[in-house]
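Each chain, letter by letter, is given below.
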Amino acid sequence: MTTKAYGALAADKPLESMDIERRTPGRHDVQIDIAYCGVCHSDLHTVRSEWAGTLYPCVPGHEIVGQVSAVGSNVKRFKLGDTVGVGCLVDSCQHCPSCAEGLEQYCENAFVATYNSRTPDAPGHTLGGYSQRIVVSDKFVLKIRHPQEQLAAVAPLLCAGITTYSPLRHWQAGPGKKVGIVGIGGLGHMGVKIAHAMGAHTVAFTTSESKRRDALDLGADEVVVSRDADEMARQAGTFDIILDTVAASHDLDAYTRLLKRDGTLVLVGVPEHAHPSPSVGNLIFRRTAIAGSMIGGLAETQEMLDFCAEKNIVADIEMIPVQDIDKAYERMLKSDVKYRFVIDNASLLG
Ligand SMILES: [Zn+2]
Ligand SMILES: [Zn+2]
């Protein structure tokens, strides 16, 4: 089916309106009319081919929410009109050990990403949520239980939400634990809300004094300005988990120093230029670890959506028409957004 979309024809071209084809739903497929799509940093990196290997035309977007508009004959979990979401994955091999454990994001045969992955569908690679509709295998579709009026602000949970929720769960954030969140942007603001809702003592780290009030409003119990050496020194050896959302190259020792014995620094951003090599001493003397984590599997993403619905957690967003996407990317690069842009997909018809 011909579908309106917004994408780029080359790395150096602005995004523009285009028509794409979506497959006719197969027996296990769900067709979704997209209401809103969040804007992730990965969209910008991919559309501008900053990570290399971008396939054009490129239609980004992997924070998708909308309504079911058709289902295949074998689809049992969804019906017409259901409010659903699609995140970063639309398929995986379904038989490797990671897939068997519901950890499709670590599929050993490479998962199919929502955009820029090879697929038999036209034009040979997946096209994302900056579009009117998408057709996805039912296993990769998520139920949304938030009230309708929150739907736009739910979209960022599908990437920013699960990217922070999954490591907080894995390393057991909760009551009695002290959790640090480094960087208060699209990911970090979700991390603060989720860690707080899990019952952890939540400390936000920011480089700017101006974000102190904002971080407290998001639910942080304490805020530390990371450029202030005295403030940092007072936190030494006290953290169970520090979730570092900053993708720019920086000194990791500043944070491993703050871990208690057996504490973990978890990285979720991939820096363009490597971080300076961390001090092994900080790791050995208190048996601390530096770890990484990537999005989440389908079961955990559903668990996160249900947790956020129950705790009334959504992202803080600024809604834009799709025609403003290049302006939004420029503002994102300057961290000039609180805290996530979300596209109103009705604007595709404008
Ligand atoms: Zn993303
Ligand atoms: Zn697999």
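Described below are features of the structure shown in this document. These numbers come from a predicted model, not from an experiment.

## Notes on the overall build of the protein chain
1) Next: In terms of regular secondary structure, the protein chain is built from 11 helices and 17 strands.
2) Next: Radius of gyration (C-alpha) of the protein chain: 20 Å, near the 20 Å computed for a compact globule of 350 residues.
3) Next: Projected onto its principal axes, the C-alpha coordinates of the protein chain cover approximately 60 × 40 × 35 Å.
4) Next: Sorting the 350 residues of the protein chain into buried and exposed places 57% on the buried side.
5) Next: For the protein chain, restricting intrachain contacts to residue pairs at least 6 apart in sequence, the fraction spanning at least 24 positions comes to 67%.
6) Next: Just so you have it, the protein chain exposes about 14900 Å², and 52% of that area is on carbon and sulfur atoms.
7) Next: Across the protein chain, the centroid of the 34 positively charged side chains sits 3 Å from that of the 42 negatively charged ones.

## Notes on the coordination of the zinc ion (ligand 2)
1) Next: Within the protein, the atoms that donate to the zinc ion (ligand 2) are Cys93 (SG), Cys96 (SG), Cys99 (SG) and Cys107 (SG), at distances of 2.3 to 2.4 Å.
2) Next: For the zinc ion (ligand 2), all donor residues lie on one chain, and their spacing in sequence is C-x2-C-x2-C-x7-C. With Cys96 in the loop between strand S6 (89–91) and helix H2 (97–100) and Cys107 in the loop between H2 and strand S7 (112–113), this residue pair connects regions lying 11 residues apart in the sequence.
3) Next: When its relative accessible area of 9% is taken as the criterion, Cys107 is described as buried.

## Structural notes on the pairing of strand S13 (residues 239–244)
Remember that side chains alternate between the two faces of the sheet whenever the strand is regular.
1) Next: Counting buried residues along S13, 6 of its 6 residues qualify, which places the element largely inside the surrounding structure.
2) Next: With 4 bridges joining them, strand S10 (residues 178–182) and S13 adopt parallel strand pairing. Opposite Ile181, over in S13, you have Leu243 as the bridge partner.
3) Next: In the sheet, S13 pairs with strand S14 (residues 259–267) via 5 bridges, with the strands oriented parallel. Residue Ile242 lies in a different strand from S14, and its bridge partner there is Leu265.

## Overview of empty space enclosed by the protein
Once rolled over the atoms, a probe with the size of a water molecule shows which space is left empty.
1) Next: Scanning all chains against the criterion turns up 1 cavity of 30 Å³ or more.
2) Next: Estimates place the volume of the largest cavity at around 90 Å³.
3) Next: In this structure, the largest cavity is lined by Gly87, Cys88, Leu89, Leu142, Leu158, Ile162, Ile295, Gly296, Gly297, Leu298 and Thr301.
4) Next: Looking at the lining of the largest cavity residue by residue, the classes come out as 7 nonpolar, 4 polar and no charged.

## With respect to the layout of surface pockets
1) Next: Its boundaries defined by the atoms lining it, the second largest pocket holds a volume of some 360 Å³.
2) Next: Lining the second largest pocket are 19 residues, and of these Arg23, Thr119, Asp121, Thr126 and Val135 sit closest to its centre.
3) Next: Secondary-structure elements contributing two or more residues to the lining of the second largest pocket are S6 and strand S8 (133–137).
4) Next: Here the residues of the lining of the second largest pocket are counted per class, giving 8 nonpolar, 5 polar and 6 charged.

## Some remarks on the coordination of the zinc ion (ligand 1)
Working reference: metal with six octahedral donors, ideal angles 90 or 180 degrees; metal with four tetrahedral donors, ideal angle 109.5 degrees.
1) Next: Within the protein, Cys40 (SG), His62 (NE2) and Cys159 (SG) serve as the donor atoms for the zinc ion (ligand 1), at 2.0 to 2.2 Å.
2) Next: Donor residues for the zinc ion (ligand 1) sit on one chain with the sequence pattern C-x21-H-x96-C. Residue Cys40 is found in the loop between strand S3 (29–38) and helix H1 (41–47), and its partner His62 is found in the loop between H1 and strand S4 (64–71); the two are separated by 22 residues along the sequence. Summarising the burial analysis for this pair, Cys40 and His62 share the class buried.

## Re the sheet that holds S14
1) Next: Pairing in this open sheet of 6 strands is parallel, and the strands run S12-S11-S10-S13-S14-S15 from one edge to the other. What marks the edges here is a single partner per strand, and that holds for strand S12 (222–225) and strand S15 (289–292). For this sheet, the mean angle separating the axes of adjacent strands, direction not counted, is 20°.
2) Next: For S10 and strand S11 (residues 201–206), the ladder comprises 5 bridges, and the chain directions are parallel. What sits directly across from Ile181, in S11, is Ala204.
3) Next: Where helix H5 (residues 186–197) meets the sheet, its contacts fall on S10 and S11, and the angle it forms with S10 comes to roughly 165°.

## Observations regarding the packing of helix H4 (residues 160–170) against helix H10 (residues 298–310)
1) Next: The interhelical angle for the contact between H4 and H10, taken along N-to-C directions, is 100°, at an axis separation of 10 Å. When the axis of H4 is compared with that of H10, the two are roughly perpendicular. Packed against H4, whose contacting residues are Gly161, Ile162, Tyr165, Ser166 and Arg169, the element H10 presents Glu300, Thr301, Glu303, Met304 and Phe307 at the interface.
2) Next: Taken together, the residues that form the contact of H4 with H10 break down as 4 nonpolar, 3 polar and 3 charged.

## As for unusual backbone geometry
1) Next: Cis geometry is adopted by the peptide bond preceding Pro123, which originates at Ala122 and carries an omega value of 0°.
2) Next: Tracing the backbone through its elements, the reader meets Pro123 in the loop between S7 and S8.
3) Next: Of the consecutive residues Lys338 and Tyr339, the connecting peptide bond is found in the cis state with omega at -15°.
4) Next: Even without being glycine, Ala52 reaches a positive phi, approximately 65°.
5) Next: Looking at the element boundaries, Ala52 is found in the loop between H1 and S4.
6) Next: The exposure class assigned to Ala52 is exposed, which follows from its relative accessible area of 56%.
7) Next: The backbone of Ile295 shows a phi angle near 30°, a positive value even though the residue is not glycine.
8) Next: By the secondary structure assignment, Ile295 is in the loop between S15 and H10.

What counts and what doesn't
- Residues numbered from 1 in each chain as written.
- Chains lettered and ligands numbered in written order.
- Predicted model: local features only at pLDDT ≥ 70, side-chain atom pairs only at ≥ 80, totals over all residues.
- Heavy atoms only, no water.
- Helix = DSSP H or I, 4+ residues; strand = E, 2+ residues; numbered from the N terminus.
- Rg over C-alpha atoms; globule rule 2.2 N^0.38 Å.
- Buried < 20%, exposed > 50% of the residue type's maximum accessible area, 1.4 Å probe, protein only.
- Contact = heavy atoms within 4.5 Å.
- Areas by Shrake-Rupley, 256 points an atom, 1.4 Å probe, with all protein chains shown as cover.
- Lys, Arg positive; Asp, Glu negative; His and termini not counted.
- Charge placed at Lys NZ, Arg CZ, Asp CG, Glu CD.
- Donors = N, O, S within 2.8 Å, 3.2 Å for Na, K, Ca; no water.
- Pairing = 2+ DSSP bridges.
- 1 Å grid on protein atoms, 1.4 Å probe; cavity = no way out; pocket = protein on both sides within 12 Å on 5 of 7 lines; lining within 4 Å.
- Points joined across faces, edges and corners; volume = space filled by probe spheres on them.
- Nonpolar A, V, L, I, M, F, W, Y, C, P; charged D, E, K, R; others polar.
- Axes fitted to C-alpha atoms, helices over the stretch in contact; angles between N-to-C directions.
- Parallel < 35°, antiparallel > 145°, perpendicular 65-115°, else oblique.

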